[in-house]
Amino acid sequence: MAAVGSSGSTAAAGPGAVSAGAGALEPGTVSAAHRRLKYISLAVLVVQNASLILSIRYTRTLPGDRFFATTAVVMAEVLKGLTCLLLLFAQKRGNVKHLVLFLHEAVLVQYVDTLKLAVPSLIYTLQNNLQYVAISNLPAATFQVTYQLKILTTALFSVLMLNRSLSRLQWASLLLLFMGVAIVQAQQAGGGGPRPLDQNPGAGLAAVVASCLSSGFAGVYFEKILKGSSGSVWLRNLQLGLFGTALGLAGLWWAEGTAVARRGFFFGYTPAVWGVVLNQAFGGLLVAVVVKYADNILKGFATSLSIVLSTVASIRLFGFHVDPLFALGAGLVIGAVYLYSLPRGAAKAIASASTSASTSGPCTHQQPPGQPPPPQLSSHRGDLSTEPFLPKLLTKVKGS
């Protein structure tokens, strides 16, 4: 994963390298620069998370001819694959021969590793198509809140497939998350505000749940592949793009082949539709780089702020009505996302504080003999292997 940046610069090494690589600068200058990068990361994550959903919703609710969602998925895969190919070309310093030999070795000679990516690629392609179905049938704010179930599915698959342990606070936050989503869906089923006749909330809910399940499984599976291989993230995403394009074309032919053949591949494409395709193609790649400067808490804030932004924008753009039930459910989801994103040190500190508050005297908890001291909070990112959001964010080039 360190190969996200190819030049060995501070961008490639993450936040820790910002201070380590700038030893000649004043400490205040380093911390100020790091702080600016974190704020920029927050802004990029919020805008990308919210803008993709809002733009898809906008293009799917415009009057007139609708574009084919399957063609948009294929175009996004093609553009992402070409971008990763250009990044690999830059890594090889523009040497075409070295690039061809590298790709021949990585893709064809090591074909077993390449074939392993067919599974997540199939799931990601299905997920991207399901997102169009879900957003076409649910308000953008409702989809944004409900889609946070991907945190729950990713956590469960991490426990089952990677033997990862979750803290009690994380389990509690997952329960809180489920309750918040359930409340929002109850509000939606109760008819929260006017709804266009061509929308089917039941189909939208089924699509978003299936998308969350596929997102969780594919993200954890892809993380397992990355941990067991030496290939860079760009190489893996190029391989995913190859499979994704082929599978996307197969899905297009199966679902809308006759209509696409009659009306054309780019039927219904407008500048707004191209904006959606470009956002899908490059937004995930941008986040994969930006997230190197963002700690887990910042990612939680970004998700929470994107929910708020989507809700506010939905009120302005689509006449979305926020009632107390939706506000309660969204608030629970935002709180759950923040609690789940806390590092383990903070979670232990919160648990310790709540335990000491329930006792009559001062806290007398002592470290057992022979055990290492608990981890301290840091402004830098923790161990990458324990960050539950990392797999999805780094693989967001394939899903959203």
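Quick caveat, the model's predicted, so the values are computed rather than measured. (Residues numbered from 1 in each chain as written. Predicted model: local features only at pLDDT ≥ 70, side-chain atom pairs only at ≥ 80, totals over all residues. Heavy atoms only, no water.)

(A) Structural detail: the overall build of the protein. Each helix and strand in the protein was counted, giving 17 helices and zero strands. When burial is assessed residue by residue, the protein has 49% of its 400 residues classed as buried. Of all intrachain contacts in the protein linking residues separated by at least 6 positions in sequence, the fraction that spans at least 24 positions is 86%. (Helix = DSSP H or I, 4+ residues; strand = E, 2+ residues; numbered from the N terminus. Buried < 20%, exposed > 50% of the residue type's maximum accessible area, 1.4 Å probe, protein only. Contact = heavy atoms within 4.5 Å.)

(B) Seen up close, helix α15 (residues 324-341). Compared with an ideal rise of 1.5 Å per residue, which puts 18 residues at 26 Å, α15 spans 26 Å between its outermost C-alpha atoms and is within 8% of the ideal. Within α15 the residues assigned to the buried category are F326, G329, A330, L332, V333, A336, V337, Y340 and S341. Take α15 and look down its axis: the buried residues cluster within an arc of 155°, on one side only. (Expected span 1.5 Å × (residues − 1). Arc of directions from axis to C-beta.)

(C) Looking closely at the pattern of salt bridges. On inspection of all chains with the given rule, the structure shows two salt bridges. The residue K80 makes a salt bridge to E77 at a minimum N-O spacing of 3.8 Å. In this pair, K80 and E77 are both assigned in helix α4 (residues 69-91), three residues apart and thus about one turn of the helix distant. When sorted by exposure, K80 lands in the same class as E77, which is buried. A salt bridge links D113 to K116, with the nearest nitrogen and oxygen atoms 3.7 Å apart. Highlighted residues: D113 and K116, both in helix α6 (residues 111-116), separated by three residues, approximately one helical turn. (Salt bridge = Lys/Arg side-chain N within 4 Å of Asp/Glu carboxyl O.)

(D) Layout of the packing of helix α9 (residues 149-162) against helix α10 (residues 168-189). In the contact formed by α9 and α10, the axes pass within 9 Å of each other and the chain directions differ by 140°. In terms of crossing hand, the pair formed by α9 and α10 is left-handed. Between α9 and α10, the contacting residues are L149, I151, L152, A155, L156 and V159 on the first element and W171, L174, L177, F178 and V181 on the second. For the contact of α9 with α10, the residue count by class is 11 nonpolar, no polar and no charged. (Axes fitted to C-alpha atoms, helices over the stretch in contact; angles between N-to-C directions. Left-handed = near helix turned anticlockwise from the far one by under 90°. Nonpolar A, V, L, I, M, F, W, Y, C, P; charged D, E, K, R; others polar.)

(E) The arrangement of a nonpolar patch on the surface in detail. Among the surface-exposed residues, Y111, V112 and L115 lie close enough to one another that they form a single nonpolar patch of about 310 Å² accessible area. Tracing the backbone through its elements, the reader meets Y111 in helix α6. (Patch = residues over 30% accessible without salt bridge, like charges linked within 9 Å, V, L, I, M, F, W, Y side chains within 5 Å. Areas by Shrake-Rupley, 256 points an atom, 1.4 Å probe, with all protein chains shown as cover.)

(F) Region of interest: the packing of aromatic side chains. All chains considered together, the criterion is met by 11 aromatic pairs. Note on F157 and F217: the rings are 5.5 Å apart at their centroids and 70° apart in plane angle, and the pair reads as edge-to-face. Placement of the pair is F157 in helix α9 and F217 in helix α11 (residues 201-227), with a sequence separation of 60 residues. Put simply, the rings of F67, Y132, F265, F266, Y269 and W274 touch in pairs and so form one group of aromatic residues. Here R60 stacks its cationic end above the ring of F67, 4.9 Å away from the centre of that ring. Here K92 stacks its cationic end above the ring of F102, 4.2 Å away from the centre of that ring. (Phe/Tyr/Trp six-rings, centres within 6.5 Å; stacked < 30°, edge-to-face > 60°. Lys NZ or Arg CZ within 6 Å of the ring centre and 35° of its normal.)

(G) Representation of unusual backbone geometry. A positive phi angle, near 55°, is found at R93, a position not held by glycine. Although it is not a glycine, N163 sits at a positive phi angle of roughly 55°. Examined against the element boundaries, N163 turns out to sit in the loop between α9 and α10.

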